[in-house]
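Below are the chains, spelled out letter by letter.
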Amino acid sequence: MRKLCDLVPAGLSARREARGILALCAFAALWSLTFLPRYFTARAGLFFRDGDLLLLLPEARMPPFSELLDGALLGCAAAALLLPLLAAWHLLYHYLGSRSIDLMRRLPRKRELPLRCLALPLLGELGLALLTLLLLGLYYALYRLCTPAAAL
């Protein structure tokens, strides 16, 4: 089993890189919360108050899920586009300063350079894809379960 420091170019902090990727995922998750005000505003428009009762408007229709979701997962897309830049930075880093690329070329394992350049960004992409699917599933479940059936 490889250590985290074996997944980044020599001289870079693996913890800092991993924290940066986690911060990107956190940003994406926070950005996705823009779905909630749009959903609850649309849901509130389905009802009217009659004294103490909250009644569903007869012609009430909830906007489609895709319309309410619009833009909520843009943070995930932005983070997914930034991670290949991290891989490019890892490759470029080998050519800067002490030129550790010379050391990497002399190593017996030829896969060491691509591994150190791509491992963490690819793990980040995988985690981000899982996060995106989880958020999409949660928001769709909220939409289906909390919207009155007559308004769907």
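Refer to the structure presented above.
Notes on the structure follow. Each chain carries its own residue numbering, running from 1 in the written order of its sequence. Local features in a predicted model are, by the rule used here, given only for residues with pLDDT of at least 70; side-chain atom pairs are given and counted only at 80 or more, and totals for whole chains, interfaces and linings are based on all residues. For the side-chain quantities, the full set of heavy atoms in the structure was used; hydrogens and water were omitted.

## Section: the pattern of salt bridges
Basic side-chain nitrogens of Lys or Arg form a salt bridge, by our definition, when they fall within 4 Å of a carboxyl oxygen of Asp or Glu. Taken as a whole and assessed by the stated rule, the structure comprises two salt bridges. In this structure, E112 engages R116 in a salt bridge whose closest nitrogen and oxygen atoms are separated by 2.9 Å. Separated by four residues within a single helix, E112 and R116 lie in helix α6 (residues 112–146), roughly one turn from each other. Each member of the pair, E112 as well as R116, carries the same accessibility label: buried. Numbered from the N terminus, helices here are DSSP runs of H or I no shorter than four residues, and strands are runs of E no shorter than two. Note on exposure labels: buried denotes an accessible area under 20% of the residue type's maximum, exposed denotes more than 50%, and partly exposed covers the range between, all computed with a 1.4 Å probe on protein chains only.

## A look at the packing of helix α1 (residues 14–32) against helix α4 (residues 74–95)
Axis definition: a line fitted to C-alpha atoms, limited for helices to the stretch in contact. Angles are taken between N-to-C directions and run from 0 to 180 degrees. Put simply, α1 and α4 touch, their axes get as near as 8 Å, and they point 165° apart. When the axes of α1 and α4 are compared, the pair comes out roughly antiparallel. The handedness of the crossing between α1 and α4 is right-handed. When α1 is examined against α4, the residues E17, I21, L24, F27, A28 and W31 are found in contact with a partner set consisting of L74, G75, C76, A79, L82, L83, L86 and H90. Side-chain classes are defined by residue name, with Ala, Val, Leu, Ile, Met, Phe, Trp, Tyr, Cys and Pro counting as nonpolar, Asp, Glu, Lys and Arg as charged, and the others, Gly among them, as polar. Considered class by class, the residues forming the contact of α1 with α4 number 11 nonpolar, two polar and one charged. Any angle from 65 to 115 degrees is called roughly perpendicular, while one under 35 is roughly parallel, one over 145 is roughly antiparallel, and all others are oblique. Crossing handedness: left-handed means the near helix sits turned counterclockwise from the far one by under a right angle, and right-handed means the same turn made clockwise. Any two residues having at least one pair of non-hydrogen atoms within 4.5 Å are treated as being in contact.

## Some words on the environment of L92
Within the fold, L92 resides in helix α4. When its relative accessible area of 45% is taken as the criterion, L92 is described as partly exposed. Separated by 83 residues in sequence, L92 and P9 place their C-alpha atoms 10.0 Å apart.

## Focus on helix α2 (residues 35–44)
Of all the positions in α2, only F35, Y39 and A42 are classed as buried. For α2, the buried positions fall inside an angular range of 70° around the axis, keeping them on one side. Away from its buried face by more than 90 degrees, α2 exposes T41 and A44. The elements touched by buried residues of α2 are α1, α3 (65–69) and α6. In this description, one arc is meant: the one made by directions from the helix axis to the C-beta atoms.

## Notes on the packing of aromatic side chains
Geometry of an aromatic ring pair is reported as the spacing of the ring centres plus the angle between the planes. Between 30 and 60 degrees the pair is tilted, below 30 it is stacked and above 60 it is edge-to-face, where a pair is any two Phe, Tyr or Trp rings, Trp via its six-membered ring, whose centres lie within 6.5 Å. Applying the stated criterion across every chain, the model contains 10 aromatic pairs. With centroids separated by 5.1 Å and ring planes inclined at 85°, the aromatic side chains of F65 and Y140 adopt a geometry described as edge-to-face. A residue pair is termed long-range when its members are at least 10 positions apart, and F65 in helix α3 and Y140 in helix α6 qualify at 75 residues. On the accessibility criterion, Y140 (41% relative accessible area) is partly exposed. Among the aromatic side chains, those forming a connected cluster through ring pairs are F35, Y39, F40, F65, Y139, Y140 and Y143.

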